[in-house]
Amino acid sequence: MGTGILTINPDALAKNWQALDGMSNPAVETTAVVKADGYGLGAGLVAKRLMREGVRIFFVAAAEEGAALRKAAGDTLDIRILSGHMAGDTDLLRDFNLTPMLNSVEQITRHFEILPDHPFGVQLDSGMNRLGLEPVEWDSVKSHVLAKNPVLLMSHLACADEPENPLNALQLTCFREMTDGLDVPRSLAATGGILLGPDYHFDLVRPGVGLYGGAPFTDAVPVINLSLPVIQTRDVQPGEYVGYGNGWQAQTPAKIATLAAGYADGLIRAMGGKETQIYAGDTPCEVLGRVSMDMLTVDVTHLETVPESLDLICEHQSIDDLADKAGTIGYEILTSLGARYTRRILGE
């Protein structure tokens, strides 16, 4: 192969969903977030596998993503749009039976005027200051909104991956003050919120990155493996340089492998020169110099035999391990995975 192989294990993803589902009371509905094309793995693939586990509600970021998911996964799933009802979304919401999570008084007005009988939910701002109605806004429209029977009242935690952060408790209190006593299903917890415990679970939880093997769900089963083919090897003498900008200089004789992947394939450029590892079986090899658009270089001097490919994401190096080397988070590694990889779906 001239491109890397991205192996995806849908059964591992299902195991992560089962584990997260088991952390809440059976009365709590566990849904799934499949925005950004299923965090880069394919929203249709993810949704169809999780539907076999009984998942019926899926969250995406935008109406366009919802329409694509409807086409890929069928008519039976309930698709909810986190960006709400934007101007221009009306036809997609109606034609693909998508449920917007309305985020502002403006969106509520738009939705009630244009699609008065169409299902909707409402997102409330409990302290993240990103999306949702603030408490004063909610008080001004609450009676009008509740009369229209929203399917969900939701908010989102800003620091759920930091269990000791006091903002979690403050947001929980704010959300309760905005919603206690209302006869509407509620949701506050994504992956991190699930891990904070039952006080944060309410009626519905929305696991996202934890399904795909990412932190803060440290017990997650790895879902992907990324193997990169070796294009060429060469012997480098002491004093010679490798890569753009003379990014690495040999101090002793070395054997260098050039691999077919780079930042155009989602391999964050910042991970170059940061002691990033890539694996030949169980043996680590160091990525050298700069990551370029289509290639990266690796020290394979210590290998008796250079294999046809090396593993960048594998049992020895998770998406979060790789993200640490790039100064980012596992979310970015996942959602940046490029279109050039050959995708191998286990079980198909």
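Not measured: the values here are computed from a predicted model.

Visitor: Describe the pattern of salt bridges, listing the residues and the values that go with them.
Guide: The full count for this structure, using the stated rule, is 13 salt bridges. With a shortest N-O distance of 2.9 Å, Arg49 and Asp11 are connected by a salt bridge. One end of the pair, Arg49, is in helix α3 (residues 43–51); the other, Asp11, is in helix α1 (residues 10–21), and 38 residues separate them in sequence. Note on Arg49: relative accessible area 11%, which makes it buried. Exposure remark for Asp11: the relative accessible area of 40% places this residue in the partly exposed category. The partner of Asp139 in a salt bridge is Lys142, with the nearest N and O atoms 3.7 Å apart. With Asp139 and Lys142 both in helix α7 (residues 135–146) and three residues apart, the pair spans about one turn of that helix. In this structure Asp139 comes out as exposed when scored by relative accessible area, which is 54%. Each member of the salt-bridge network shares a partner with another, and the members are Asp11, Arg49 and Glu53.

Visitor: Before we move on, can you summarise the nonpolar core with the specific residues and values?
Guide: Formed by 75 residues in total, the largest nonpolar core has its most connected members in Leu69, Ile224, Leu228 and Leu267. Counting 21 residues, the second-largest nonpolar core is a separate cluster that includes Ile108, Phe112, Val145 and Ala160.

Visitor: With reference to specific residues and values, describe α7.
Guide: The set of residues buried in α7 consists of Trp138, Val141 and Val145. Down the axis of α7, the smallest arc covering the buried residues is 105°, so these residues share one side. Those residues of α7 that are exposed and angled more than 90 degrees off the buried face are Val136, Asp139, Ser140 and Ser143. Packed against the buried residues of α7 are α6 (105–114), β7 (121–123), β8 (153–154) and α8 (166–179).

What counts, and at which threshold
- Residues numbered from 1 in each chain as written.
- Predicted model: local features only at pLDDT ≥ 70, side-chain atom pairs only at ≥ 80, totals over all residues.
- Heavy atoms only, no water.
- Salt bridge = Lys/Arg side-chain N within 4 Å of Asp/Glu carboxyl O.
- Helix = DSSP H or I, 4+ residues; strand = E, 2+ residues; numbered from the N terminus.
- Buried < 20%, exposed > 50% of the residue type's maximum accessible area, 1.4 Å probe, protein only.
- Core = buried A, V, L, I, M, F, W, Y, C linked by side-chain atoms within 4.5 Å.
- Arc of directions from axis to C-beta.
- Contact = heavy atoms within 4.5 Å.

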